[in-house]
Structure formats: C-alpha cells, structure tokens
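Secondary and tertiary structure notes
As a plain string of letters, each chain reads:
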Amino acid sequence: MAWTIERKHDHVAVVTMNTNKVNAQNPAFFDDLHAAFDRLEKEFDECAVVLTGTGKVFSAGLDLDHHFAMFARRDIKEIDKWFAAYRATNLRLFTYPRPTVAAVNGHAYAGGFITAIDCDYRIASEGDLQFALNEVPIGIPMPAVYCEIIKYAIGTPAAAEFTLFGQIYDLSSAVRMNVVQRIVPSSELINAAVAWAAKVTPDGYPAYAFAKRALQATTMSAIDAAARLDLDQLSRGMSHPRSLLANAARYRELKGHDITWPVSS
C-alpha cells in the first residue's frame, strides 16, 4: 500500500508511512519512500513535508528477516548493491530542499531513528516513546554516511553515545540529546508539526533550499570523503562471522526462535 499524502495546509503535505505495521525498513519501504517523494515533487511542489507513522511505532528500523538473511549469505556485491540504494534513500530525505518535519508518533529505532533525524525538525507525541541506534550491539556496523548525518542532527558527543553503545533512551533523554526539539500531546502532534512546517512559505523555498544546502555543505563533504570507508569495509563488517552471531542472538531475543536461514561460511 502506497504511503498516504494529504494536504493539511495551503503549503504543507502530511506523508504517513504505512509500508507495514511497524514500518520495518526493507526494499518495499524504500520504494514507498521514493514513490512518495516523486509525488511530492510533481503534485505538491509548493508544499513543505510532515513525515509520520502509525500506531505506537514511527519506524522500527531495518526488517531483520530480510537483512539478517542477506548478511548471512556473505555476498559482498549483494550487500554493496543494497547499501547503495539504502544510502540514496536516506540522502534523498536528508537533502530535500523544502522544509521537512518528523511528527514522531511512536518508537524510533535504528534506521527509523535515522529517518526521523533526516528531517529538519522533530516533534514527538507525549508518552513512553523509545529512541535507539542499536545497530552496534546487534552486529550491524553503522555506515559512515549515517555517522555524518547523526553528528549533523544531534551533535558529535550525543552521536557517539547513541552510536557506539546502542542504548535505548526515553523521550526526556531524547529531548536532552537534541533528537527531539518539542513534545506535544498525541492529539496535537500533526497540527503542531504542520504549524511548524508552515512557518516557511513557498516564496521562501529558494532561500530555504540554499540555506539548507549551505548548512549541510561540510557534512556532505564529509559524507563524500567517508564513502571509501563504507565501500571498503562496511559489507565485510556486516557479514563478519561475529556480526552474524550477534544478528542471530538479537533475532532469537526478539522473535523467540532461532534464525530460519543458513549461514554461509
């Protein structure tokens, strides 16, 4: 089912992610994101964007069934090809030239956390929301490109703490560490996000696009410089035997049973 896009203001479109129940990120999720932004560029070219999820989860991050099985095949070319597409998906959102606001309706884990911080501003609903970059403890090296995005969004000290130790943080901690800029009651979440996105009118979009590009210039240069690190080492780290052991342990913890795919030697 394609993501829904609804105009909530003269110049704000609300995009609701609904690829699956928890917006686990897999090829279908990436295709849905690109399809939604293709529509935004063609049909809503005068609109800022509010991005949100459904239920209790904003996005749960990578689809473990799909990705752990792929890592276990230890096919470097396959992993490199997948990551090139994943990288392009996040960079499309991160560099989008109009205002983007994440209306964080629920938990944001791993890749879902990155989806949220790809946006220019984050507003979260009140509640027991959880935030985590838990890739490292479950055996997934954090790509260098995302390390740069994380540092840009929340600052280097917070980025290092989130990325290296993979702990789960509550909403108050997320505010303290600049993951979320504002908290509102859940009933007001979309309206608050729309109101913030509407602060810049279409006449200001050319200036917004330039200012955003300028603010991100050093980060984009760092991303380009870090591309070699991802190309040389990322897929090997993702398919390392110890990483696969960590994958299997996390899968068992979450699913209550062992992995269902073979592990290549």
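Above this text you will find the structure in question.
Everything quoted here is computed from the prediction, not taken from an experiment.

Here we take up the nonpolar core. In terms of nonpolar packing, the biggest core is built from 67 residues, with Leu40, Phe71, Trp82, Phe131, Ile154 and Val179 touching the most fellow members. With seven residues, the top contributor of residues to this core is helix α3 (residues 76-94). Aside from chain neighbours lying at most four places away, what touches Leu40 is Ile5, Ala13, Val15, Asp45, Val49, Tyr96 and Arg98. Within the second largest apolar cluster, 16 residues are counted, among which are Val12, Ala103, Tyr121 and Val194.

A word on the packing of helix α2 (residues 64-73) against α3. Axis separation between α2 and α3 bottoms out at 8 Å; the angle between their running directions is 145°. In terms of crossing hand, the pair formed by α2 and α3 is left-handed. Here His67, Met70, Phe71 and Arg73 of α2 lie close against α3, whose contacting residues are Glu78, Ile79 and Trp82. Grouping the constituent residues of the contact of α2 with α3 by class yields four nonpolar, one polar and two charged.

Below, the discussion takes up helix α8 (residues 189-197). What α8 keeps buried is the set Leu189, Ala192, Ala193, Val194 and Ala197. Residues of α8 that are buried sit in contact with β1 (4-9), β2 (12-16), β4 (48-52), β7 (100-104), β9 (121-125) and β12 (182-184).

Now for the pattern of salt bridges. Scanning the entire structure with this criterion turns up twelve salt bridges. For the salt bridge of Glu46 with Arg7, the shortest nitrogen-to-oxygen distance reads 2.7 Å. With Glu46 in the loop between α1 (27-43) and β4 and Arg7 in strand β1, the pair connects residues that are 39 residues apart, well separated along the chain. Overall, Arg7 belongs to the partly exposed group, its relative accessible area being 38%. Residues joined by salt bridges that share partners form a network here, namely Asp38, Glu41 and Arg92.

So, on to the environment of Ser187. Along the chain, Ser187 falls in the loop between β12 and α8. Judged by its relative accessible area of 63%, Ser187 falls in the exposed class. Note: C-alpha distance between Ser187 and Ile123 (64 residues apart in sequence) is 13 Å.

So, on to the pairing of β7. Judged by how many residues are buried, β7 sits mostly within the fold: five of five residues are covered. A two-sided burial pattern is seen for β7, the buried positions comprising Thr100, Ala102 and Val104 on one face and Val101 and Ala103 on the other. As defined by bridge partners, β7 adjoins β9 across four bridges and the pair is classed as parallel. By the bridge assignment for β9, Val104 is matched with Ala124.

What counts as what
Residues numbered from 1 in each chain as written. Predicted model: local features only at pLDDT ≥ 70, side-chain atom pairs only at ≥ 80, totals over all residues. Heavy atoms only, no water. Core = buried A, V, L, I, M, F, W, Y, C linked by side-chain atoms within 4.5 Å. Buried < 20%, exposed > 50% of the residue type's maximum accessible area, 1.4 Å probe, protein only. Helix = DSSP H or I, 4+ residues; strand = E, 2+ residues; numbered from the N terminus. Contact = heavy atoms within 4.5 Å. Axes fitted to C-alpha atoms, helices over the stretch in contact; angles between N-to-C directions. Left-handed = near helix turned anticlockwise from the far one by under 90°. Nonpolar A, V, L, I, M, F, W, Y, C, P; charged D, E, K, R; others polar. Salt bridge = Lys/Arg side-chain N within 4 Å of Asp/Glu carboxyl O. Pairing = 2+ DSSP bridges.

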